[in-house]
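# Fold and contact review
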Amino acid sequence: MSTYTVVNPATERAETEVELAGIEQTDAAIEQAHKAFPAWRRLAPGDRATLLRRFASVIDQHIDELAELEVRNAGHTWGNATWEAGNVRDVLNYYAGAPERLVGKQIPVDGGTNVTFHEPLGVVGIIVPWNFPMPILGWGMAPALAAGNTVVLKPAELTPLTAVRIGELALEAGIPEGVLSVLPGKGSVVGQRFVAHPYVRKVSFTGSTEVGKQIMAGCSEQVKRCTLELGGKSANIVFADADLAKAAASAPYAVFDNAGQDCCARSRILVQRSAYDEFLSLLEPAVKGVRVLDPSDRSSEMGPLISAHQRDVVRGFIDEVEVAYTGSMPAGDGFWVAPTVVLAESTEQRIWREEVFGPVVAVLPFDDEADAIAMANDTEYGLSGSIYTRDLGRAMRVSRGVDTGNLSVNSHAAVRYWTPFGGFKHSGLGRELGPEAPYAFTEEKNVFISDD
Ligand code: NDP
(Lines give C-alpha, C1' and ligand atoms only; values in the text may rest on other atoms or scores of the structure.)
Protein backbone atom coordinates (compact mmCIF):
# COMPACT_ATOMS: atom_id res chain seq x y z
CA MET A 1 0.00 0.00 0.00
CA SER A 2 1.33 3.46 -0.83
CA THR A 3 1.38 6.40 1.56
CA TYR A 4 1.10 10.17 1.28
CA THR A 5 3.12 12.60 3.40
CA VAL A 6 0.90 15.37 4.72
CA VAL A 7 2.78 18.69 4.66
CA ASN A 8 1.92 21.70 6.83
CA PRO A 9 1.49 24.57 4.32
CA ALA A 10 2.54 27.19 6.88
CA THR A 11 5.85 25.50 7.77
CA GLU A 12 6.54 23.23 4.76
CA ARG A 13 7.31 20.50 7.29
CA ALA A 14 6.00 16.92 7.09
CA GLU A 15 3.20 16.30 9.61
CA THR A 16 2.27 12.66 9.18
CA GLU A 17 1.91 9.79 6.73
CA VAL A 18 -1.48 8.62 5.50
CA GLU A 19 -2.11 5.26 3.85
CA LEU A 20 -3.71 5.56 0.44
CA ALA A 21 -6.45 3.18 -0.65
CA GLY A 22 -5.95 1.28 -3.88
CA ILE A 23 -8.51 -0.31 -6.17
CA GLU A 24 -8.97 -3.44 -4.01
CA GLN A 25 -9.57 -1.49 -0.83
CA THR A 26 -11.96 0.84 -2.64
CA ASP A 27 -13.93 -2.07 -4.07
CA ALA A 28 -14.09 -3.69 -0.62
CA ALA A 29 -15.47 -0.46 0.91
CA ILE A 30 -18.03 -0.10 -1.89
CA GLU A 31 -19.15 -3.70 -1.37
CA GLN A 32 -19.41 -3.13 2.38
CA ALA A 33 -21.49 0.00 1.76
CA HIS A 34 -23.72 -1.99 -0.61
CA LYS A 35 -24.26 -4.64 2.10
CA ALA A 36 -24.98 -1.99 4.74
CA PHE A 37 -27.58 -0.26 2.54
CA PRO A 38 -30.71 -2.42 3.11
CA ALA A 39 -30.56 -2.12 6.91
CA TRP A 40 -29.77 1.61 6.82
CA ARG A 41 -32.64 2.41 4.44
CA ARG A 42 -35.05 0.28 6.51
CA LEU A 43 -34.12 1.96 9.77
CA ALA A 44 -37.16 3.82 11.13
CA PRO A 45 -36.90 7.50 10.11
CA GLY A 46 -36.81 8.62 13.75
CA ASP A 47 -33.94 6.25 14.50
CA ARG A 48 -31.91 7.48 11.53
CA ALA A 49 -32.55 11.03 12.68
CA THR A 50 -31.39 10.19 16.21
CA LEU A 51 -28.14 8.69 14.90
CA LEU A 52 -27.43 11.76 12.76
CA ARG A 53 -28.07 14.05 15.73
CA ARG A 54 -25.75 11.90 17.85
CA PHE A 55 -23.12 12.16 15.10
CA ALA A 56 -23.53 15.97 15.17
CA SER A 57 -23.13 15.98 18.92
CA VAL A 58 -19.91 13.91 18.77
CA ILE A 59 -18.53 16.33 16.16
CA ASP A 60 -19.45 19.18 18.49
CA GLN A 61 -17.35 17.62 21.25
CA HIS A 62 -14.35 17.54 18.88
CA ILE A 63 -14.51 20.99 17.24
CA ASP A 64 -11.14 22.14 18.55
CA GLU A 65 -9.42 18.87 17.64
CA LEU A 66 -10.81 18.95 14.08
CA ALA A 67 -9.94 22.63 13.70
CA GLU A 68 -6.41 22.01 14.88
CA LEU A 69 -6.01 19.22 12.30
CA GLU A 70 -7.26 21.53 9.55
CA VAL A 71 -4.91 24.34 10.52
CA ARG A 72 -1.98 21.93 10.25
CA ASN A 73 -3.16 20.07 7.15
CA ALA A 74 -4.75 22.80 4.99
CA GLY A 75 -3.27 25.99 6.46
CA HIS A 76 -6.76 27.29 7.26
CA THR A 77 -6.92 30.04 9.84
CA TRP A 78 -8.09 29.04 13.29
CA GLY A 79 -11.23 31.15 12.85
CA ASN A 80 -12.13 29.49 9.55
CA ALA A 81 -11.27 25.98 10.75
CA THR A 82 -13.46 26.20 13.87
CA TRP A 83 -16.30 27.58 11.73
CA GLU A 84 -15.82 24.70 9.26
CA ALA A 85 -15.94 21.99 11.95
CA GLY A 86 -19.04 23.68 13.36
CA ASN A 87 -20.53 23.67 9.88
CA VAL A 88 -20.27 19.84 9.73
CA ARG A 89 -22.15 19.67 13.04
CA ASP A 90 -24.80 22.16 11.88
CA VAL A 91 -25.34 20.43 8.54
CA LEU A 92 -25.77 17.07 10.28
CA ASN A 93 -28.30 18.58 12.68
CA TYR A 94 -30.17 20.29 9.84
CA TYR A 95 -30.44 17.13 7.74
CA ALA A 96 -31.28 15.04 10.80
CA GLY A 97 -34.70 16.62 10.29
CA ALA A 98 -34.96 15.11 6.80
CA PRO A 99 -35.67 11.38 7.39
CA GLU A 100 -39.05 12.23 8.94
CA ARG A 101 -39.86 14.81 6.24
CA LEU A 102 -39.09 12.95 2.99
CA VAL A 103 -42.74 13.21 2.04
CA GLY A 104 -44.25 12.22 -1.28
CA LYS A 105 -47.50 13.27 -2.91
CA GLN A 106 -50.93 11.77 -3.32
CA ILE A 107 -52.47 12.57 -6.68
CA PRO A 108 -56.14 11.91 -7.48
CA VAL A 109 -56.54 9.96 -10.74
CA ASP A 110 -59.33 8.08 -12.51
CA GLY A 111 -60.19 4.85 -10.65
CA GLY A 112 -57.80 5.33 -7.74
CA THR A 113 -54.92 7.34 -6.38
CA ASN A 114 -51.29 7.81 -7.26
CA VAL A 115 -48.79 8.07 -4.43
CA THR A 116 -45.13 8.95 -4.75
CA PHE A 117 -42.16 7.82 -2.67
CA HIS A 118 -38.58 9.06 -2.48
CA GLU A 119 -36.41 5.98 -2.55
CA PRO A 120 -32.72 6.17 -1.63
CA LEU A 121 -30.31 5.37 -4.45
CA GLY A 122 -27.94 2.93 -2.72
CA VAL A 123 -24.22 3.68 -2.41
CA VAL A 124 -23.27 7.31 -2.98
CA GLY A 125 -19.66 8.28 -3.78
CA ILE A 126 -18.54 11.69 -2.58
CA ILE A 127 -15.34 13.26 -3.97
CA VAL A 128 -14.07 16.17 -1.89
CA PRO A 129 -11.48 18.81 -2.92
CA TRP A 130 -8.70 20.24 -0.76
CA ASN A 131 -9.98 23.79 -0.46
CA PHE A 132 -12.80 23.13 2.05
CA PRO A 133 -12.25 19.57 3.28
CA MET A 134 -14.80 19.67 6.11
CA PRO A 135 -17.76 21.69 4.78
CA ILE A 136 -17.84 19.96 1.40
CA LEU A 137 -17.63 16.57 3.08
CA GLY A 138 -20.64 17.51 5.23
CA TRP A 139 -22.71 18.98 2.39
CA GLY A 140 -22.61 15.69 0.49
CA MET A 141 -22.55 13.21 3.36
CA ALA A 142 -25.34 14.56 5.59
CA PRO A 143 -28.24 14.73 3.08
CA ALA A 144 -27.13 11.47 1.41
CA LEU A 145 -27.20 9.60 4.73
CA ALA A 146 -30.43 11.29 5.81
CA ALA A 147 -32.16 10.07 2.64
CA GLY A 148 -31.16 6.48 3.49
CA ASN A 149 -28.08 6.01 1.30
CA THR A 150 -24.75 4.64 2.40
CA VAL A 151 -21.67 6.70 1.58
CA VAL A 152 -18.11 6.12 0.41
CA LEU A 153 -16.12 9.33 0.62
CA LYS A 154 -12.77 10.31 -0.84
CA PRO A 155 -10.99 13.34 0.62
CA ALA A 156 -8.40 15.07 -1.55
CA GLU A 157 -5.01 13.42 -1.34
CA LEU A 158 -3.59 16.69 0.05
CA THR A 159 -6.11 17.04 2.89
CA PRO A 160 -7.22 13.70 4.33
CA LEU A 161 -6.83 14.29 8.09
CA THR A 162 -10.19 15.76 9.14
CA ALA A 163 -12.13 13.35 6.91
CA VAL A 164 -10.37 10.33 8.43
CA ARG A 165 -11.14 11.62 11.94
CA ILE A 166 -14.79 12.35 11.05
CA GLY A 167 -15.09 8.75 9.79
CA GLU A 168 -13.89 7.53 13.21
CA LEU A 169 -16.27 9.87 15.01
CA ALA A 170 -19.18 8.47 12.97
CA LEU A 171 -18.50 5.00 14.38
CA GLU A 172 -18.15 6.47 17.87
CA ALA A 173 -21.58 8.06 17.44
CA GLY A 174 -23.12 4.69 16.55
CA ILE A 175 -23.40 5.06 12.76
CA PRO A 176 -23.25 1.37 11.72
CA GLU A 177 -20.13 -0.05 10.11
CA GLY A 178 -20.18 0.35 6.32
CA VAL A 179 -22.70 3.24 6.30
CA LEU A 180 -19.90 5.80 5.97
CA SER A 181 -16.42 4.82 4.72
CA VAL A 182 -13.63 7.36 4.29
CA LEU A 183 -11.03 6.37 1.70
CA PRO A 184 -7.95 8.58 1.39
CA GLY A 185 -6.44 8.04 -2.03
CA LYS A 186 -5.78 9.46 -5.44
CA GLY A 187 -8.57 10.85 -7.57
CA SER A 188 -7.39 8.82 -10.52
CA VAL A 189 -7.71 5.62 -8.44
CA VAL A 190 -10.37 5.92 -5.71
CA GLY A 191 -12.42 8.71 -7.32
CA GLN A 192 -12.31 7.00 -10.68
CA ARG A 193 -13.52 3.76 -9.08
CA PHE A 194 -16.58 5.57 -7.67
CA VAL A 195 -17.40 6.57 -11.23
CA ALA A 196 -16.81 3.11 -12.69
CA HIS A 197 -18.17 0.78 -10.00
CA PRO A 198 -21.78 -0.28 -10.74
CA TYR A 199 -22.80 -0.40 -7.05
CA VAL A 200 -22.17 3.35 -6.74
CA ARG A 201 -25.42 4.92 -7.92
CA LYS A 202 -24.51 8.59 -7.63
CA VAL A 203 -21.29 10.61 -7.56
CA SER A 204 -21.21 13.96 -5.83
CA PHE A 205 -18.12 15.82 -7.01
CA THR A 206 -16.60 19.17 -6.07
CA GLY A 207 -13.42 20.32 -7.78
CA SER A 208 -12.11 21.62 -11.07
CA THR A 209 -14.31 21.99 -14.14
CA GLU A 210 -11.85 19.87 -16.11
CA VAL A 211 -12.18 16.83 -13.81
CA GLY A 212 -15.91 17.50 -13.38
CA LYS A 213 -16.40 17.02 -17.13
CA GLN A 214 -14.54 13.68 -16.95
CA ILE A 215 -16.75 12.57 -14.04
CA MET A 216 -19.88 13.48 -15.99
CA ALA A 217 -18.66 11.61 -19.07
CA GLY A 218 -17.73 8.57 -16.96
CA CYS A 219 -21.09 8.55 -15.17
CA SER A 220 -22.92 8.62 -18.49
CA GLU A 221 -21.65 5.07 -19.22
CA GLN A 222 -23.98 3.73 -16.52
CA VAL A 223 -26.52 6.59 -16.60
CA LYS A 224 -25.21 7.28 -13.11
CA ARG A 225 -26.49 10.34 -11.30
CA CYS A 226 -23.97 13.08 -10.56
CA THR A 227 -23.85 16.45 -8.90
CA LEU A 228 -21.00 18.75 -9.91
CA GLU A 229 -19.82 21.81 -7.99
CA LEU A 230 -17.04 23.30 -10.10
CA GLY A 231 -15.00 26.43 -10.63
CA GLY A 232 -15.88 30.09 -10.72
CA LYS A 233 -14.73 33.53 -11.80
CA SER A 234 -17.28 35.56 -9.95
CA ALA A 235 -17.95 39.29 -10.18
CA ASN A 236 -18.28 41.82 -7.39
CA ILE A 237 -20.25 44.68 -8.99
CA VAL A 238 -20.01 48.06 -7.29
CA PHE A 239 -22.36 50.84 -8.48
CA ALA A 240 -21.58 54.50 -7.89
CA ASP A 241 -24.67 54.88 -5.68
CA ALA A 242 -23.44 52.17 -3.25
CA ASP A 243 -22.08 52.71 0.24
CA LEU A 244 -18.55 52.69 -1.20
CA ALA A 245 -16.83 52.45 2.19
CA LYS A 246 -18.83 49.31 3.00
CA ALA A 247 -18.24 47.81 -0.47
CA ALA A 248 -14.49 48.44 -0.24
CA ALA A 249 -14.23 47.11 3.31
CA SER A 250 -15.92 43.83 2.41
CA ALA A 251 -14.36 43.27 -1.05
CA PRO A 252 -11.09 41.74 0.29
CA TYR A 253 -13.04 39.16 2.30
CA ALA A 254 -15.07 38.17 -0.78
CA VAL A 255 -11.89 37.10 -2.57
CA PHE A 256 -9.05 36.58 -0.07
CA ASP A 257 -10.91 34.30 2.34
CA ASN A 258 -9.16 30.92 2.45
CA ALA A 259 -6.31 32.64 0.56
CA GLY A 260 -8.57 32.89 -2.50
CA GLN A 261 -8.85 29.10 -2.78
CA ASP A 262 -12.60 29.39 -2.93
CA CYS A 263 -14.88 28.50 -5.81
CA CYS A 264 -17.06 31.49 -4.78
CA ALA A 265 -14.13 33.95 -4.75
CA ARG A 266 -15.25 37.23 -6.25
CA SER A 267 -11.98 37.62 -8.13
CA ARG A 268 -13.25 40.25 -10.57
CA ILE A 269 -14.28 43.64 -9.15
CA LEU A 270 -16.39 45.71 -11.55
CA VAL A 271 -16.67 49.36 -10.46
CA GLN A 272 -18.87 52.01 -12.08
CA ARG A 273 -16.52 54.46 -13.80
CA SER A 274 -17.78 57.55 -11.95
CA ALA A 275 -16.85 55.94 -8.60
CA TYR A 276 -13.72 54.10 -9.78
CA ASP A 277 -11.06 56.40 -8.28
CA GLU A 278 -12.86 56.83 -4.97
CA PHE A 279 -13.45 53.07 -4.64
CA LEU A 280 -9.81 52.28 -5.39
CA SER A 281 -8.63 54.75 -2.74
CA LEU A 282 -10.84 52.95 -0.20
CA LEU A 283 -9.87 49.46 -1.36
CA GLU A 284 -6.12 49.83 -0.84
CA PRO A 285 -6.16 50.29 2.97
CA ALA A 286 -8.76 47.50 3.23
CA VAL A 287 -6.49 45.07 1.35
CA LYS A 288 -3.42 46.14 3.33
CA GLY A 289 -5.40 45.66 6.55
CA VAL A 290 -6.06 41.93 5.97
CA ARG A 291 -4.16 40.09 8.70
CA VAL A 292 -2.07 37.49 6.84
CA LEU A 293 -0.49 35.56 9.68
CA ASP A 294 0.43 32.08 10.80
CA PRO A 295 -2.94 30.31 10.58
CA SER A 296 -2.71 29.02 14.16
CA ASP A 297 -2.57 32.65 15.38
CA ARG A 298 -6.13 33.30 16.60
CA SER A 299 -6.20 36.71 14.90
CA SER A 300 -5.06 35.47 11.47
CA GLU A 301 -7.49 36.28 8.66
CA MET A 302 -5.58 34.63 5.81
CA GLY A 303 -3.14 31.72 5.77
CA PRO A 304 -0.82 30.21 3.15
CA LEU A 305 -1.79 28.40 -0.03
CA ILE A 306 -2.24 24.66 0.14
CA SER A 307 0.96 23.60 -1.63
CA ALA A 308 4.12 24.72 -3.42
CA HIS A 309 2.41 23.72 -6.68
CA GLN A 310 -0.60 25.95 -6.02
CA ARG A 311 1.68 28.84 -5.02
CA ASP A 312 3.57 28.43 -8.31
CA VAL A 313 0.33 28.37 -10.30
CA VAL A 314 -0.77 31.62 -8.64
CA ARG A 315 2.65 33.23 -9.13
CA GLY A 316 2.38 32.31 -12.82
CA PHE A 317 -0.73 34.50 -13.09
CA ILE A 318 0.88 37.36 -11.16
CA ASP A 319 4.06 37.28 -13.28
CA GLU A 320 2.02 38.02 -16.42
CA VAL A 321 0.53 41.29 -15.19
CA GLU A 322 1.41 44.59 -13.58
CA VAL A 323 0.53 44.47 -9.89
CA ALA A 324 -1.04 47.65 -8.50
CA TYR A 325 -0.22 46.80 -4.86
CA THR A 326 -0.17 43.93 -2.40
CA GLY A 327 -1.02 43.35 1.23
CA SER A 328 1.39 41.76 3.66
CA MET A 329 2.55 38.20 4.30
CA PRO A 330 4.94 36.53 6.76
CA ALA A 331 8.59 36.04 5.84
CA GLY A 332 10.17 32.59 5.98
CA ASP A 333 8.81 29.13 5.29
CA GLY A 334 5.29 28.45 4.07
CA PHE A 335 3.46 28.62 0.75
CA TRP A 336 2.61 32.31 1.07
CA VAL A 337 1.26 34.72 -1.52
CA ALA A 338 0.26 38.20 -0.34
CA PRO A 339 -3.20 39.60 -1.20
CA THR A 340 -2.64 41.08 -4.66
CA VAL A 341 -4.60 43.71 -6.60
CA VAL A 342 -4.33 44.03 -10.37
CA LEU A 343 -5.88 46.87 -12.37
CA ALA A 344 -6.83 44.88 -15.45
CA GLU A 345 -6.32 46.34 -18.90
CA SER A 346 -8.75 44.24 -20.86
CA THR A 347 -11.38 41.55 -20.44
CA GLU A 348 -9.22 39.30 -22.62
CA GLN A 349 -6.41 39.00 -20.05
CA ARG A 350 -5.97 35.58 -18.44
CA ILE A 351 -6.19 37.20 -15.00
CA TRP A 352 -9.72 38.39 -15.93
CA ARG A 353 -10.91 35.14 -17.50
CA GLU A 354 -9.38 32.19 -15.64
CA GLU A 355 -9.88 30.91 -12.12
CA VAL A 356 -6.68 31.77 -10.20
CA PHE A 357 -7.56 29.98 -6.95
CA GLY A 358 -5.28 32.27 -5.00
CA PRO A 359 -5.39 35.71 -3.34
CA VAL A 360 -5.45 37.78 -6.52
CA VAL A 361 -8.19 40.18 -7.58
CA ALA A 362 -8.54 42.09 -10.85
CA VAL A 363 -10.44 45.40 -11.11
CA LEU A 364 -12.07 47.00 -14.17
CA PRO A 365 -14.47 49.93 -14.62
CA PHE A 366 -17.89 49.75 -16.30
CA ASP A 367 -20.23 52.45 -17.60
CA ASP A 368 -23.83 51.51 -16.86
CA GLU A 369 -26.08 48.72 -15.63
CA ALA A 370 -26.28 46.93 -18.99
CA ASP A 371 -22.49 47.09 -19.30
CA ALA A 372 -22.06 45.64 -15.78
CA ILE A 373 -24.38 42.70 -16.49
CA ALA A 374 -22.71 41.98 -19.84
CA MET A 375 -19.22 42.06 -18.30
CA ALA A 376 -20.25 39.90 -15.34
CA ASN A 377 -21.74 37.33 -17.73
CA ASP A 378 -18.79 37.33 -20.12
CA THR A 379 -17.34 34.16 -18.59
CA GLU A 380 -17.86 30.42 -18.95
CA TYR A 381 -18.54 30.25 -15.19
CA GLY A 382 -21.52 31.23 -13.06
CA LEU A 383 -21.22 30.32 -9.40
CA SER A 384 -21.27 33.38 -7.18
CA GLY A 385 -21.39 37.18 -7.25
CA SER A 386 -22.04 40.32 -5.23
CA ILE A 387 -23.84 43.57 -6.06
CA TYR A 388 -23.41 46.84 -4.18
CA THR A 389 -26.06 49.52 -4.75
CA ARG A 390 -28.55 51.55 -2.71
CA ASP A 391 -31.16 51.24 -5.47
CA LEU A 392 -33.41 48.28 -4.66
CA GLY A 393 -34.86 48.09 -8.18
CA ARG A 394 -31.38 47.97 -9.66
CA ALA A 395 -30.35 45.30 -7.14
CA MET A 396 -33.27 43.16 -8.32
CA ARG A 397 -32.68 43.80 -12.03
CA VAL A 398 -28.97 43.00 -11.82
CA SER A 399 -29.59 39.96 -9.62
CA ARG A 400 -31.94 38.61 -12.28
CA GLY A 401 -29.56 39.57 -15.09
CA VAL A 402 -26.39 37.92 -13.83
CA ASP A 403 -26.22 34.23 -14.80
CA THR A 404 -24.93 32.76 -11.59
CA GLY A 405 -26.23 30.47 -8.86
CA ASN A 406 -25.53 32.46 -5.70
CA LEU A 407 -25.63 36.22 -5.33
CA SER A 408 -25.46 38.61 -2.41
CA VAL A 409 -26.61 42.23 -2.35
CA ASN A 410 -24.67 44.71 -0.19
CA SER A 411 -22.90 41.78 1.48
CA HIS A 412 -20.20 39.31 0.57
CA ALA A 413 -21.75 36.36 2.43
CA ALA A 414 -22.78 33.76 -0.14
CA VAL A 415 -23.26 30.28 1.32
CA ARG A 416 -25.68 29.08 4.00
CA TYR A 417 -26.49 25.43 4.54
CA TRP A 418 -30.25 26.01 4.57
CA THR A 419 -30.30 27.75 1.16
CA PRO A 420 -29.53 26.10 -2.21
CA PHE A 421 -25.99 26.26 -3.59
CA GLY A 422 -24.70 25.49 -7.07
CA GLY A 423 -23.65 26.89 -10.39
CA PHE A 424 -24.82 27.97 -13.83
CA LYS A 425 -22.89 27.10 -17.00
CA HIS A 426 -19.48 25.47 -16.44
CA SER A 427 -19.73 26.03 -12.68
CA GLY A 428 -21.74 22.91 -12.14
CA LEU A 429 -24.77 20.71 -12.35
CA GLY A 430 -27.43 20.33 -9.69
CA ARG A 431 -27.73 21.98 -6.31
CA GLU A 432 -26.46 21.18 -2.84
CA LEU A 433 -27.69 22.40 0.54
CA GLY A 434 -31.12 23.83 1.27
CA PRO A 435 -34.24 21.85 2.11
CA GLU A 436 -34.25 20.01 -1.25
CA ALA A 437 -30.79 18.43 -0.93
CA PRO A 438 -31.90 15.04 0.46
CA TYR A 439 -34.30 14.62 -2.49
CA ALA A 440 -31.32 14.85 -4.82
CA PHE A 441 -30.12 11.58 -3.25
CA THR A 442 -33.38 9.77 -4.04
CA GLU A 443 -35.41 8.60 -7.01
CA GLU A 444 -39.07 9.53 -7.13
CA LYS A 445 -41.31 6.50 -7.46
CA ASN A 446 -44.91 6.86 -8.64
CA VAL A 447 -47.45 4.13 -7.67
CA PHE A 448 -51.06 3.87 -8.87
CA ILE A 449 -53.45 2.25 -6.37
CA SER A 450 -56.76 1.19 -7.87
CA ASP A 451 -59.85 1.77 -5.70
CA ASP A 452 -61.70 -1.07 -7.44
P1 NDP B 1 -9.26 18.40 -8.93
O2 NDP B 1 -10.52 18.68 -9.64
O3 NDP B 1 -8.20 17.64 -9.61
O4 NDP B 1 -9.55 17.62 -7.54
C5 NDP B 1 -10.77 17.62 -6.85
C6 NDP B 1 -11.07 16.22 -6.30
O7 NDP B 1 -11.25 15.32 -7.40
C8 NDP B 1 -9.92 15.64 -5.48
O9 NDP B 1 -10.44 14.82 -4.45
C10 NDP B 1 -9.20 14.79 -6.52
O11 NDP B 1 -8.43 13.78 -5.92
C12 NDP B 1 -10.35 14.23 -7.30
N13 NDP B 1 -9.99 13.77 -8.65
C14 NDP B 1 -8.97 14.20 -9.43
N15 NDP B 1 -8.97 13.53 -10.60
C16 NDP B 1 -10.00 12.66 -10.55
C17 NDP B 1 -10.51 11.69 -11.47
N18 NDP B 1 -9.97 11.49 -12.66
N19 NDP B 1 -11.58 10.96 -11.09
C20 NDP B 1 -12.17 11.17 -9.89
N21 NDP B 1 -11.72 12.04 -9.00
C22 NDP B 1 -10.66 12.81 -9.31
O23 NDP B 1 -8.68 19.78 -8.42
P24 NDP B 1 -7.13 20.11 -8.14
O25 NDP B 1 -6.86 19.71 -6.76
O26 NDP B 1 -6.24 19.56 -9.19
O27 NDP B 1 -7.17 21.69 -8.31
C28 NDP B 1 -6.95 22.27 -9.59
C29 NDP B 1 -7.78 23.50 -9.78
O30 NDP B 1 -9.17 23.13 -9.73
C31 NDP B 1 -7.64 24.55 -8.71
O32 NDP B 1 -6.54 25.36 -8.93
C33 NDP B 1 -8.95 25.28 -8.85
O34 NDP B 1 -8.88 26.17 -9.93
C35 NDP B 1 -9.93 24.18 -9.16
N36 NDP B 1 -10.64 23.65 -7.96
C37 NDP B 1 -11.88 24.09 -7.72
C38 NDP B 1 -12.53 23.68 -6.59
C39 NDP B 1 -13.91 24.14 -6.29
O40 NDP B 1 -14.30 24.15 -5.13
N41 NDP B 1 -14.68 24.49 -7.28
C42 NDP B 1 -11.92 22.80 -5.61
C43 NDP B 1 -10.60 22.36 -5.97
C44 NDP B 1 -10.01 22.79 -7.11
P45 NDP B 1 -6.86 13.98 -5.60
O46 NDP B 1 -6.67 15.42 -5.24
O47 NDP B 1 -6.63 13.09 -4.46
O48 NDP B 1 -6.17 13.58 -6.83
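Shown above is the structure to which this text applies.
Anyway, here's the lowdown on the structure attached to this text. Only a predicted model underlies this, so the values are computations on that prediction, with no experimental measurement involved.

With that out of the way, let us pick up the environment of His 426. Structurally, His 426 is set in the loop between strand E16 (408-409) and strand E17 (428-429). Judged by its relative accessible area of 32%, His 426 is partly exposed. Taking the C-alpha atoms as reference points, His 426 and Tyr 95, separated by 331 residues in sequence, lie 28 Å from one another.

Turning our eyes to something else, we now look at the site of the ligand. In the vicinity of the ligand there are 26 residues, among which Val 128, Trp 130, Lys 154, Ser 208 and Leu 230 approach most closely. One of the side-chain N or O atoms of Trp 130 is found 2.5 Å from an oxygen atom in the ligand. Separating an oxygen atom of the ligand from a backbone N or O atom of Gly 187 is a distance of 3.1 Å. Here the ligand loses 82% of its free accessible area of 860 Å² to cover by the protein chains. Its residues assigned to classes, the shell around the ligand shows 11 nonpolar, 11 polar and four charged.

A few words now on the nonpolar core. Counting residues in hydrophobic clusters, the biggest one holds 55 residues, and the most contacted among them are Ile 237, Val 238, Ile 269, Phe 279 and Leu 283. Contact partners of Ile 269, with chain neighbours within four places excluded, come to Asn 236, Val 238, Ala 251, Phe 279, Leu 283, Trp 352, Val 361, Ala 362, Val 363 and Leu 364. In terms of nonpolar packing, the next biggest core, distinct from the first, is built from 50 residues, Leu 66, Met 134, Leu 137 and Met 141 among them.

The next subject is the sheet that holds strand E13 (residues 340-343). Strand order in this open sheet of seven strands is E12-E13-E14-E11-E10-E15-E16, and the pairing throughout is mixed. Of all the strands in the sheet, the pair left with one neighbour each is strand E12 (323-326) and E16. The pairing of strand E10 (residues 235-238) with strand E15 (residues 385-388) spans four bridges and is parallel. Paired with Asn 236 across the two strands is Ser 386, which belongs to E15. Contacting E10, strand E11 (268-272), E13, strand E14 (360-366) and E15, helix H9 (residues 244-256) runs over the sheet at an angle of about 140 degrees to E14.

Both trends apply: most residues other than glycine have a negative phi, and most peptide bonds are in trans. The backbone of Phe 357 sits at a positive phi, close to 60 degrees, despite the residue not being glycine. Within the element layout of this structure, Phe 357 appears in the loop between helix H12 (350-353) and E14. The class of Phe 357 is buried, set by a relative accessible area of 16%. Even without being a glycine, Asn 410 presents a positive backbone phi close to 55 degrees. Along the chain, Asn 410 turns up in the loop between E16 and E17. For Asn 410, a relative accessible area of 27% corresponds to the partly exposed category.

Here we take up the pattern of salt bridges. In this structure the tally under the stated criterion is 23 salt bridges. Among the salt bridges present, the one from Asp 367 reaches Arg 273, with a minimum N-O distance of 2.8 Å. Taken together, the positions of Asp 367 in the loop between E14 and helix H13 (369-377) and Arg 273 in the loop between E11 and helix H10 (276-288) put the pair 94 residues apart, joining distant regions of the chain. Notably, a salt bridge pairs Asp 312 with Arg 311, separated by 3.7 Å at the nearest N-O pair. Taking the relative accessible area as the measure of exposure, Arg 311 reaches 15% and is therefore buried.

Cut-offs and rules
- Residues numbered from 1 in each chain as written.
- Predicted model: local features only at pLDDT ≥ 70, side-chain atom pairs only at ≥ 80, totals over all residues.
- Heavy atoms only, no water.
- Helix = DSSP H or I, 4+ residues; strand = E, 2+ residues; numbered from the N terminus.
- Buried < 20%, exposed > 50% of the residue type's maximum accessible area, 1.4 Å probe, protein only.
- Near = heavy atom within 4 Å.
- Polar contact = N/O pair within 3.5 Å; in protein donor to acceptor, adjacent residues only side chain to side chain.
- Areas by Shrake-Rupley, 256 points an atom, 1.4 Å probe, with all protein chains shown as cover.
- Nonpolar A, V, L, I, M, F, W, Y, C, P; charged D, E, K, R; others polar.
- Core = buried A, V, L, I, M, F, W, Y, C linked by side-chain atoms within 4.5 Å.
- Contact = heavy atoms within 4.5 Å.
- Pairing = 2+ DSSP bridges.
- Axes fitted to C-alpha atoms, helices over the stretch in contact; angles between N-to-C directions.
- Salt bridge = Lys/Arg side-chain N within 4 Å of Asp/Glu carboxyl O.

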